[in-house]
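Chains, contacts and geometry: an overview
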Amino acid sequence: MRTKHRLLMGSILMALCPMLMSAQDDVKSELDSLRQEVADLNAERDADEAKLTQKRLWGYGRYKRISYVVQNMTRSAYDGIPATTWEPKVGFGLQIGTTYHLPHKPLAGIIKFGIDATWFDFTYAGYKDAKLKSASTVTPGVTDGIPDFVFPEDYPEQEVMLGNLGVHQLSVSLGIGPSINIAPFAFSSNKNLQMLKAQVYGHFLMGVSGILYTNPNNDDTEFNFAALPQGACGVSFNWRQLGLGFEGRWGSAKYKNLVSQADFEDDEEEGVKAPKLTFKNAAFRVYLNFHF
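Quick caveat, the model's predicted, so the values are computed rather than measured.

Another aspect to go through is the overall build of the protein. Helix and strand content of the protein: 3 helices and 8 strands. Residue pairs in contact within the protein that sit at least 24 positions apart in sequence constitute 71% of those at least 6 positions apart. Carbon and sulfur atoms make up 64% of the accessible area of the protein, which totals about 17200 Å².

Here it is, written out as structure tokens:
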């Protein structure tokens, strides 16, 4: 009897083994499929995160900059009158532009070159009282709208404070230039550290500058303007869409003489025009950078 039971159980097991083995293979296949799906989802997620990181680093090409400007202005010497400098009093600026990054993929994963196009650049500068750079060349009888000064040659560095001319300068420009953009921590596992980026740039700007001033000869407020080419170079440090930057800027333009225009009124009636003098600007600015 026991022998029959054993034979029966053996037959049943032999019949079930193929079924059990097939079920095991099915379960293994399902597990492998699930593992592959999970791996594909993880890879897709990593690719999406990498694209998002690249967009946050390089995708915000447009910018706005709000600047605090420290700018002085120097008028060239003429007709025995020494050069005159107006020191900065107050200033601010606004820039709107776009950075076009090249190439499409960053070099070494962290560097991109760019072309910066500044579509709008506005600067206002107010100046303090004017100063003669050197009084040794002042000659009697030349007023320049200022009382005559005669100084001994022993004091060539002596400066003279003039009356407040109420000088204000406005400029509007377009600009273009190259930039180098570096994201040194682009491969960091720290998401916040990844977003740190630095930019170094040089720009050429061309625009129009106007000087609004009170003429000391007649107390009239007058306005002169001229074409103003400028050079600029700077550096900015950015995190995500915010940044802090520093820029140096210089340029020069030729205006009609802003101080002694009245001295030439009679000559103009006789066909002699007031001279155009060179006014040089030198400026330093600190700005907030907004990318979008």
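Now that the structure has been shown, we can carry on.
Our next topic: unusual backbone geometry. Non-glycine residue alanine 108 carries a positive phi angle of around 55°. Looking at the secondary structure, you find alanine 108 in the loop between β2 (84-107) and β3 (111-132). Residue alanine 108 is classed as exposed on the basis of its relative accessible area of 65%. Its identity as a non-glycine residue notwithstanding, arginine 240 has a phi of 55°, on the positive side. Along the chain, arginine 240 turns up in the loop between β6 (221-239) and β7 (242-256).

This next bit is on the pattern of salt bridges. This structure, assessed with the given rule, holds 3 salt bridges. With a shortest N-O distance of 3.1 Å, arginine 249 and aspartate 121 are connected by a salt bridge. With arginine 249 in strand β7 and aspartate 121 in strand β3, this pair connects stretches of sequence that are 128 residues apart. Of the two residues, arginine 249 and aspartate 121, both sit in the buried class.

The next thing to look at is the packing of aromatic side chains. Two aromatic rings, taken as a pair, are described by how far apart their centres are and by the angle between their planes. For the structure on display, the rule yields 5 aromatic pairs. Where tyrosine 255 meets phenylalanine 279, the ring centres are 5.3 Å apart and the plane angle is 90°; that geometry is what we call edge-to-face. Of this pair, tyrosine 255 sits in strand β7 while phenylalanine 279 sits in strand β8 (residues 276-291), and the two are 24 residues apart along the sequence. Here tyrosine 255 matches phenylalanine 279 in class, with each residue buried. Here the aromatic residues Trp86, Tyr255 and Phe279 are joined through ring pairs into a cluster of three or more. When the ring centre of tyrosine 63 is taken as origin, the NZ or CZ atom of arginine 65, which lies over that ring, is 4.3 Å away. Arginine 65 extends its terminal NZ or CZ atom over the ring of tyrosine 201, reaching a point 4.9 Å from the ring centre.

Attention now goes to the environment of arginine 240. With relative accessibility at 30%, the residue arginine 240 sits in the partly exposed group. Placed 45 residues apart in sequence, arginine 240 and methionine 195 show a C-alpha to C-alpha distance of 5.3 Å. When sequence neighbours within four positions are dropped, the list of residues in contact with arginine 240 reads Arg56, Lys191, Asn192 and Met195. Of the polar contacts made by the side chain of arginine 240, one reaches the side chain of asparagine 192; its length is 3.1 Å.

The next subject is the nonpolar core. Met73, Trp86, Tyr127, Val167, Ile211, Tyr255 and Phe279 are the most contacted members of the largest nonpolar core, which has 16 residues in total. Listing elements by their share of this core, those giving two or more residues are β3, β5 (196-214), β6, β7 and β8. A total of 3 residues in this core trace back to one element, the largest contributor, which is β3.

Attention shifts here to the side chain of threonine 85. Of note, threonine 85 is situated in strand β2. For threonine 85, a relative accessible area of 6% gives the class buried. Only 3.2 Å separates the side chain of threonine 85 from the side chain of threonine 74, close enough to count as a polar contact.

Analysis parameters
- Residues numbered from 1 in each chain as written.
- Predicted model: local features only at pLDDT ≥ 70, side-chain atom pairs only at ≥ 80, totals over all residues.
- Heavy atoms only, no water.
- Helix = DSSP H or I, 4+ residues; strand = E, 2+ residues; numbered from the N terminus.
- Contact = heavy atoms within 4.5 Å.
- Areas by Shrake-Rupley, 256 points an atom, 1.4 Å probe, with all protein chains shown as cover.
- Buried < 20%, exposed > 50% of the residue type's maximum accessible area, 1.4 Å probe, protein only.
- Salt bridge = Lys/Arg side-chain N within 4 Å of Asp/Glu carboxyl O.
- Phe/Tyr/Trp six-rings, centres within 6.5 Å; stacked < 30°, edge-to-face > 60°.
- Lys NZ or Arg CZ within 6 Å of the ring centre and 35° of its normal.
- Polar contact = N/O pair within 3.5 Å; in protein donor to acceptor, adjacent residues only side chain to side chain.
- Core = buried A, V, L, I, M, F, W, Y, C linked by side-chain atoms within 4.5 Å.

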